[in-house]
Amino acid sequence: MRTSIFSISLCIFLFNCSSKKVEHVTTPIDTPAPINLIETHQEEIATIIRETIENKAPEERYIILEEELYSSVLIPQFYANRGFINGWISHIDSLELVDQFIEYISNIKYHGLQPEHYHLEKLNTLRDTIRINDSLETFNPYPIAQIDMLLSDAFFMISSHLYNGKVNSENLTAEWGIRRNKPELALDNKLKQLISSPSCVEFMKRFYPKHPGYENMVLEAKLLEDKVATDYTTRISLPKNQQSITIWEDSSYILLVHQKLKFLGYSTQDTIDFSDSLIGLFRSIKALQKAHGLNADGKLGKNTLIALDQSIEDKINALYVNMERLRWLPDSLNKRHILVNIADFTLDFVTNQDTLVHMRTVVGKDFRQTPVFNARMTYLVFSPTWTVPPTILINDVIPSVAKDINYLASKNMKVLDASGKSIDPTTIDWKKAKRSGQFPYRIRQEPGEQNALGRVKFMFPNKYSVYLHDTPSKELFARDERIFSSGCIRIEKPFELAQLLLEDTLLWSADSIRGAMSAAQAKTVILEEPVDVYIFYLTAWSDGKQMNYRQDIYGRDTEILAALKERK
């Protein structure tokens, strides 16, 4: 019985085993990881970089594929510190950083810089070579070493030009006397950070000027570039003996003005008719005028027509020139400062980034240009006297007195000798003084309504003898172009500026300031807290709300634009 049961059990077991599906287990075969050609040839690449650096002749530049490098100090410093190991490409199949930076170089034109100055052509050629140089049998380490050094040199130059400016402002015909306060950058360390950064575009922004409108200017240049090919002029001219025309008075210009304003982006209307659309057109004209610093009256005068027909190319060039000027400005300003834009004819008093007062100015005539510089305002003078400067004395005052001896009395002027003693003007041979240009006396205008400096002057000692002052000629502030002074800056709101400067001084209330401004004697007031003054020259900028364009009243843009295009 036991034998039978055992036999049956064995048969069942054998049957079950034979009926199972047999699974074949395959042992996985290890696939070798792709060879990293950069790592494999790392020593060769490093040797090429090292020998390129070591074999440079004294007083010569480094040369890659007949392309001169500019960074004679930073290139050897950067590579020596990393054992001459390349940094831009870690794997032959990963050129993302290279592509990003080459594209950035291509777009550097929108900053007013020339892409071809930063090895763009050679970099594109080497990148294409590397893309097809991806096998162990054909790999060539030279393009890797070459593109690495060219990219590093391009980075050093671009970052330096974005941070400090490309053009040396000291070499310009028109002096730029504003001192920088920017700290020196360790660009070799910055490059180490860049090659491990996820976005080179965002990384490069750290070199941009701190002016909040800089990036808007770059975007504007891109937008305007698309309009260059379709730009046109209206060729509207003013009727003879007419200072301006309006869309209400003359409908023959309406369509042309509307089309151009729409092209420039100041109007969004598709059509124009004689109902509410005219009001919209009127507002668009005023928007154009405001963007160009003109009196926003909606009239088509000479300067408004110039603004309407300013070429797109000229606007782009103005953006490029003024981006460069922004790069020359200090990174930071004290909490209280005064900004005077010569080309804009304006002054702003700023505290903690808030503009407390904005006013119009009158600046120097073309042949007596107001200089660009910065200085510290330390005192002001109420009811000042005015000693006539030598140039004005010889060219203006003496000829006027030679023609009419009563000129001095009419202007409340006195003749003084070296000791300050008053001299009778009738005892002087004025015609002889006019002929010879020799005059041993001083002429001083006394305080009063006619005084050329008005009721107060604001002093920040400088080598140009330039300062801010009031003026009796208030009517000049109503004009679009205000270039009438002899170099100093006349301001529209002297009382308001004096109040702000003295607001923390208990002795100087509004009434006491007015009294001092009307006094018969000059009074000097030392500021308890000196204020930095920056007198600069911008013909294009963004205020965060709109782009602003101004006429190049002194013709200073052309020289900078030419210098930006030079290869250095």
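Note that the structure is a prediction, hence the values are computed from the model and not measured. (Residues numbered from 1 in each chain as written. Predicted model: local features only at pLDDT ≥ 70, side-chain atom pairs only at ≥ 80, totals over all residues. Heavy atoms only, no water.)

## Re the overall build of the protein
Argument step 1. The number of helices and strands found in the protein is 20 helices and 20 strands.
Argument step 2. Within the protein, the proportion of its 568 residues that are buried is 48%.
Argument step 3. Residue pairs at least 24 apart in sequence account for 71% of intrachain contacts in the protein once pairs closer than 6 positions are excluded.
Argument step 4. Taking the 66 positively charged and 72 negatively charged side chains of the protein as two groups, their mean positions are separated by 8 Å. (Helix = DSSP H or I, 4+ residues; strand = E, 2+ residues; numbered from the N terminus. Buried < 20%, exposed > 50% of the residue type's maximum accessible area, 1.4 Å probe, protein only. Contact = heavy atoms within 4.5 Å. Lys, Arg positive; Asp, Glu negative; His and termini not counted. Charge placed at Lys NZ, Arg CZ, Asp CG, Glu CD.)

## Quick word on the confidence of the model for the protein
Argument step 1. Taken over all residues, the pLDDT of the protein has a mean of 90, while the share at 70 or more is 92%.
Argument step 2. Note on residues 1–22: pLDDT under 50 across the span, and 0 contacts to partners over four residues away in sequence or across chains. (pLDDT = per-residue confidence, 0-100.)

## Some remarks on the side chain of Arg550
Argument step 1. Looking at where Arg550 falls in the secondary structure, it is placed in the loop between β20 (547–549) and α20 (557–565).
Argument step 2. Reaching out from Arg550, the side chain makes a polar contact with the backbone oxygen of Ala291 at a distance of 2.8 Å.
Argument step 3. Side chain to side chain, Arg550 and Asp344 meet in a polar contact 2.5 Å long. (Polar contact = N/O pair within 3.5 Å; in protein donor to acceptor, adjacent residues only side chain to side chain.)

## Section: the nonpolar core
Argument step 1. Counting residues in hydrophobic clusters, the biggest one holds 168 residues, and the most contacted among them are Trp88, Phe101 and Phe382.
Argument step 2. Examining the composition of this core, we find that 13 residues originate from one element, helix α7 (residues 141–164), more than from any other.
Argument step 3. Ignoring sequence-local partners within four residues, the contact set of Phe101 consists of Trp88, Leu151, Ala154, Phe155, Ile158, Leu194, Cys200 and Met204. (Core = buried A, V, L, I, M, F, W, Y, C linked by side-chain atoms within 4.5 Å.)

## Some thoughts on the sheet that holds strand β11 (residues 413–416)
Argument step 1. In spatial order, the strands read β10-β13-β11-β12; together these 4 strands make up an open sheet with antiparallel pairing. The open sheet has two edge strands with one neighbour each: β10 (386–387) and β12 (422–423).
Argument step 2. Where β11 meets strand β13 (residues 442–445), 4 bridges bridge the pair, whose relative direction is antiparallel. Residue pairing in the sheet places Lys414 in a bridge with Arg444 of β13. (Pairing = 2+ DSSP bridges.)

## Remarks on the packing of helix α18 (residues 494–501) against helix α19 (residues 510–517)
Argument step 1. Remark: α18 packs on α19, axes separated minimally by 10 Å, with the N-to-C direction vectors making an angle of 125°. What the angle tells us is that α18 and α19 run oblique. Relative to α19, α18 is oriented so that their crossing is right-handed. Taken together, the residues of α19 that come into contact with α18 (itself represented by Phe495, Ala498 and Gln499) are Ala510, Ile513, Arg514 and Met517.
Argument step 2. Its residues placed into classes, the contact of α18 with α19 shows 5 nonpolar, 1 polar and 1 charged. (Axes fitted to C-alpha atoms, helices over the stretch in contact; angles between N-to-C directions. Parallel < 35°, antiparallel > 145°, perpendicular 65-115°, else oblique. Left-handed = near helix turned anticlockwise from the far one by under 90°. Nonpolar A, V, L, I, M, F, W, Y, C, P; charged D, E, K, R; others polar.)

## Some thoughts on the environment of Thr234
Argument step 1. With respect to the secondary-structure elements, Thr234 resides in the loop between α10 (214–225) and β4 (244–245).
Argument step 2. A relative accessible area of 6% places Thr234 in the buried class.
Argument step 3. Here the alpha-carbon distance between Thr234 and Tyr253, two residues 19 residues apart in the chain, equals 9.2 Å.
Argument step 4. If we skip the residues at most four places from it in the chain, Thr234 touches Leu256, Lys260, Leu308 and Asp309.

## Topic: a positive patch on the surface
Argument step 1. Together, Lys403, Lys431, Lys432, Lys434 and Arg435 make up a positively charged patch on the protein surface.
Argument step 2. Per-element accounting of the positive patch gives the leading share, 4 residues, to helix α17 (residues 430–436). (Patch = residues over 30% accessible without salt bridge, like charges linked within 9 Å, V, L, I, M, F, W, Y side chains within 5 Å. Areas by Shrake-Rupley, 256 points an atom, 1.4 Å probe, with all protein chains shown as cover. Salt bridge = Lys/Arg side-chain N within 4 Å of Asp/Glu carboxyl O.)

## Examining unusual backbone geometry
Argument step 1. Phi angles above zero are rare outside glycine, and Asn241 is one such case at about 65°.
Argument step 2. Among the secondary structure elements, Asn241 is positioned in the loop between α10 and β4.
Argument step 3. The class for Asn241 is exposed, based on a relative accessible area of 74%.

## What about the pattern of salt bridges?
Argument step 1. Applying the stated criterion across every chain yields a total of 20 salt bridges.
Argument step 2. Here Arg327 and Glu324 are joined by a salt bridge, their closest N and O atoms 2.8 Å apart. Taken as a pair, Arg327 and Glu324 lie in helix α14 (residues 312–328) at a separation of 3 residues, close to a single helical turn.
Argument step 3. As a salt-bridge pair, Arg336 and Glu529 come within 3.6 Å of each other at their nearest N and O atoms. On the criterion of sequence distance, the pair formed by Arg336 in strand β6 (residues 336–341) and Glu529 in strand β18 (residues 523–536) is long-range, its members being 193 residues apart.
Argument step 4. Salt bridges linked by common partners bring Glu67, Lys122 and Arg567 together as one network.

## Some remarks on the packing of helix α4 (residues 74–81) against helix α8 (residues 187–194)
Argument step 1. At a closest axis distance of 9 Å, the pairing of α4 and α8 adopts a crossing angle of 55°. In this view, α4 runs oblique relative to α8, as classed from their interaxial angle. Between α4 and α8 the crossing geometry is right-handed. Along the contact surface, α4 presents Leu74, Gln77, Phe78 and Asn81, while α8 presents Leu187, Asp188, Leu191 and Lys192.

## Observations concerning the packing of aromatic side chains
Argument step 1. Tallied over the entire structure, the rule returns 17 aromatic pairs.
Argument step 2. Taking the centre distance of 5.2 Å and the plane angle of 50° together, the rings of Trp88 and Phe101 count as tilted. On the criterion of sequence distance, the pair formed by Trp88 in the loop between α4 and α5 (96–106) and Phe101 in helix α5 is long-range, its members being 13 residues apart. Residues Trp88 and Phe101 agree in their burial class; the two are buried.
Argument step 3. Through pairs of rings, three or more aromatic residues link up here, namely Phe78, Tyr79, Trp88, Phe101, Tyr104, Phe155, Phe156, Phe203 and Phe207.
Argument step 4. Seen from the ring of Tyr163, Lys182 lies directly overhead, with NZ or CZ sitting 4.9 Å from the centre. (Phe/Tyr/Trp six-rings, centres within 6.5 Å; stacked < 30°, edge-to-face > 60°. Lys NZ or Arg CZ within 6 Å of the ring centre and 35° of its normal.)

## As for the environment of Ile513
Argument step 1. Tracing the backbone through its elements, the reader meets Ile513 in helix α19.
Argument step 2. Take Ile513: its relative accessible area is 1%, and that puts it in the buried class.
Argument step 3. The sequence separation of Ile513 and Val415 amounts to 98 residues, and the corresponding C-alpha distance is 29 Å.
Argument step 4. What Ile513 contacts, discounting residues up to four positions off in sequence, is Phe382, Phe495, Ala498, Gln499, Leu502 and Trp508.

## Comments concerning the pairing of strand β7 (residues 346–351)
Argument step 1. Of all 6 residues in β7, 6 are buried; the element is thus mostly enclosed.
Argument step 2. Between β6 and β7, which follow one another and run antiparallel, lie 4 residues, and Phe345 among them has a positive phi close to 55°.
Argument step 3. With 6 bridges connecting them, β7 and strand β8 (residues 354–364) associate as antiparallel partners. Paired with Val350 across the strands is Thr355, a residue of β8.
Argument step 4. Counting the residues between successive antiparallel strands, the hairpin from β7 to β8 contains 2 residues, one of them, Asn352, with a positive phi of roughly 50°.

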